[in-house]
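A closer look at the structure
Here is how the chains run, residue by residue.
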Amino acid sequence: MCLASGLPPDSSNEMTTQDEEEPRISSSPPIITHSRAWGPHGRRLSSWACPSLGPASQDPACNWSSLLSGLVALNVFLLGCALVSASVFNTVHITSAHLQVYLICLIILSTCWMLYYAAYTYREDQAVLYKDGHAGPIWLRGGLILFGVCSMIMDIFKVAYYVGYLHCDSAVKIVFPIAQAVFIFVQTYFLWFHAKDCVQLQRNITRCGLMLTLSTNLMLWMTAVTEESLHQTVLPTSNASKTSRSMAMQAVRSDDSCECSHSACSIFETASNYLYPFNIEYSLFASAMTYVMWKNVGRLLDEHNHHHNLPQRFHLRDVLLGPINGLLILVAGLVTFIMYKVDVQEQDEAKKEAALQMHYIMNMVAYVLMSACTLAGWVLYGLEQREHVSGKNPTRSLDVGLLLGASMGQFAICYFTIVAVVATGIQSHLDALNLTSTLLAVIQLGLQNGFIVEGLHRQPYSPHNSGTHAAHVFTSTYTLRSHSDSELPESKSTTTVTSDTSQLQTNPLHHFSTGLSWKRRALKEICAFLMLCNITLWIMPAFGARPQFENPHGHDFYDLYMWVAVVNIGLPFSIFYRMHSVAGLFELYVLS
């Protein structure tokens, strides 16, 4: 195989037929003896195209390319952070229009690069030799499409809203949602078809382009989180009233005297506000998938791809109690959330306190049931004999890192609340419920983190789960052909090759028995229940439940603006944690 050697094309004839027909599968990286490597069909690869069998190459050129792309992302993101902060706290010199011009520039550059990448990889067959079977699972890409559609609908509502202010406000605020909708459409197409790519050509350009796209998504996420925080943050004033929620949109506009020219502005504003959570989740999903693509640049071998030894499908066969109980929690959560939203907006303090008590009790019930189910899952882990997966995998490492990192937001809010309540003492039933709910949240977070991380590091169920390891390599068909073969395929396709078997299994589904063991069924019930509970706990804060602001304990104990900063920084990570937990639990359900 010419790619893994430093020989010119004419020297490749000395290789054996076995070497020509099989992809190189080796535990040690190939050695480049010349300054340039030779690719298939006699094409020379760039000096940056250093072969690497893992996500991190030891070649200095590859390390330099990774460092350069990382610096690009860091500088773009830090400049964006400065502009976001300036547009919020100094609206005189830096307005939201200046920030949106910066975002439009990033969107145009990222969109152009994604179109170039799609065209280049379509034209050059050898650009993508292998595909990572772990990256971009179907449920993740399906969620990306769902959130992307909702985000584009939000952009349409924003365009309709800002059209009413076009006579007195900047036209940039109409151009930005249009550009963002186009970017979301192109990126969704890009990630759907290329999320598994392990790029071999133009690696330095690809790494920089992926980091530019990643930083663009992070900037869009930060902008959406900031706007959502302005909409949902309700601060007490000196006359014991609340500031109007419409002040958030006025903060985005530069001229408070500007009035809408049509009567539907309030409708479009409210509708777009309710779609912010989907836009936030879309940016994070896209960022995660883009990061995995960046880690896979130059990767030649997807080692120990255990979770994809056999096709995994989602079905609800033999699973009943988990989904039913989870749906009951979901319905109860939606009912209490609606009642909470209605009552907290009333001026009656008794109704407001009753709404907070109901909210805390609902969360306590969910935390107790989820903790009990998670403990049962830990017991099942101890009873089964599945081995742990080995080998490096960027997708799994990212999943674990995001799960643990995002949970820090909820942990931070919980510990700040615990300190405030304990330091001032429990003075009412509301304080007792607040403290109990917070302690149960800490316990539930810790148990669920361990349960998901442990499950992701275990092999999927198999009747022949005796420790046989299969390393799946997804490679273009031309790498399996002899160089003497004169016929070239007209279209690209992929083939799965296993290193532990001498023949391809044409129908692996026959290995599975039709029935589930009681341990598998119990794990599926637990995962289904936890998924629906996490969806419930995602819906309530994502769509406006802010007991941290309605309960005066936090901002009375801490400085007002310090408490607002803690909540507005920690809560977006907490919301993402719930959705990311759903994705992790979904994978555990499929693999059980």
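Computed from a prediction, not measured in an experiment: that's the story for all the values here. The residue count restarts for each chain, going from 1 along the sequence in the order it is written. It should be noted that, the model being predicted, local features are given only for residues of pLDDT at least 70 and side-chain atom pairs only at 80 or more, the latter also being counted only at that level, while totals for whole chains, interfaces and linings use all residues. In computing side-chain values, all of the structure's heavy atoms are included and hydrogens and water are not.

Along the backbone of the chain there are 17 helices and four strands. Working definition: with a 1.4 Å probe on protein chains only, accessible area under 20% of the residue-type maximum means buried, over 50% means exposed, and in between means partly exposed. The buried share of the chain, reckoned over its 592 residues, is 54%. When checking whether two residues touch, look at their non-hydrogen atoms; a contact exists if any pair is within 4.5 Å. Of the contacts made within the chain by residues no fewer than 6 positions apart, 85% connect residues no fewer than 24 positions apart. Reported accessibility uses the Shrake-Rupley method at a 1.4 Å probe radius. Residues are deemed covered only where the shown protein chains occlude them. Of the roughly 26,200 Å² of accessible surface on the chain, 64% is carried by carbon and sulfur atoms. To qualify as a helix, a DSSP run of H or I must reach at least 4 residues; to qualify as a strand, a run of E must reach at least 2; elements of each kind are numbered from the N terminus.

Bringing the nonpolar core into the picture now. Residues belong to a common nonpolar core when they are buried Ala, Val, Leu, Ile, Met, Phe, Trp, Tyr or Cys residues joined through side-chain atoms within 4.5 Å. Counting residues in hydrophobic clusters, the biggest one holds 119 residues, and the most contacted among them are Phe-190, Phe-451, Trp-538 and Leu-588. With 14 residues, the single largest contributor to this core is helix α17 (residues 560-591). When neighbours within four sequence positions are excluded, Leu-588 is seen to be in contact with Tyr-381, Phe-451, Ile-452, Gly-455, Leu-456 and Cys-527. One finds Tyr-165, Ile-174, Cys-258 and Cys-265 within the second-largest nonpolar core, a separate group that totals six residues.

The axes used here are C-alpha line fits, helices contributing only the stretch in contact, and every angle between their N-to-C directions lies in the interval 0 to 180 degrees. In contact at an axis separation of 9 Å, helix α3 (residues 96-123) and helix α6 (residues 203-232) are set at 145 degrees when each is read in the N-to-C sense. The handedness of the crossing between α3 and α6 comes out as left-handed. Contacts between α3 and α6 involve Leu-99, Leu-103, Leu-106, Ile-107, Leu-109, Ser-110, Trp-113, Met-114 and Tyr-117 on the former and, on the latter, Ile-205, Thr-206, Gly-209, Leu-210, Leu-212, Thr-213, Thr-216, Met-219, Leu-220 and Thr-223. Split by residue class, the contact of α3 with α6 holds 13 nonpolar, six polar and no charged. Handedness of a crossing is defined here by the sense of rotation of the near helix relative to the far one, left-handed for an anticlockwise turn of less than a right angle and right-handed for a clockwise turn. Under the scheme applied here, ten amino acids are nonpolar (Ala, Val, Leu, Ile, Met, Phe, Trp, Tyr, Cys and Pro), four are charged (Asp, Glu, Lys and Arg), and all others, including Gly, are polar.

Turning next to the state of the cysteines. The disulfide criterion used throughout: a pair of cysteine sulfur atoms within 2.5 Å. Counted according to the given criterion, the structure contains one disulfide. Between the sulfur atoms of Cys-260 and its disulfide partner Cys-265 the distance amounts to 1.6 Å. A torsion of 60 degrees about the S-S bond marks the disulfide between Cys-260 and Cys-265 as right-handed.

This part is about the pattern of salt bridges. Counted as salt bridges are all cases of a side-chain nitrogen of Lys or Arg within 4 Å of a carboxyl oxygen of Asp or Glu. On inspection of all chains with the given rule, the structure shows three salt bridges. Two residues, Lys-158 and Glu-227, come together in a salt bridge whose shortest N-O distance is 3.2 Å. On the criterion of sequence distance, the pair formed by Lys-158 in helix α4 (residues 138-163) and Glu-227 in helix α6 is long-range, its members being 69 residues apart. Each member of the pair, Lys-158 together with Glu-227, is buried.

Attention now goes to the side chain of Gln-448. Mapped onto the secondary structure, Gln-448 falls in helix α13 (residues 429-456). Other than its neighbours up to four places away in sequence, Gln-448 contacts Met-370, Thr-374, Leu-530, Asn-534, Tyr-577, Arg-578, Ser-581 and Leu-585.

Aromatic pairing here means that ring centres of Phe, Tyr or Trp (its six-membered ring) are within 6.5 Å. Orientation follows from the plane angle: under 30 degrees is stacked, over 60 is edge-to-face, and everything else is tilted. In the structure shown here, the tally under the stated rule is 22 aromatic pairs. For the pair Trp-113 and Tyr-117, a centre-to-centre distance of 5.4 Å together with 35 degrees between the ring planes defines the contact as tilted. Remark: Tyr-117 and Trp-113 occur in helix α3; sequence separation between them is four residues, near one turn of the helix. Assigned by exposure class, Trp-113 and Tyr-117 land together as buried. Counting every residue linked through ring pairs, the aromatic cluster contains Phe-147, Phe-278, Phe-285, Trp-538 and Phe-543. For a Lys NZ or an Arg CZ to count as sitting over a ring, it must be within 6 Å of the ring centre and within 35 degrees of the ring normal. Lying over the aromatic face of Trp-192, Arg-141 brings its terminal NZ or CZ to 4.6 Å of the ring centre. Over the face of the ring belonging to Tyr-589 we find Lys-524, whose NZ or CZ atom lies 4.2 Å from the ring centre.

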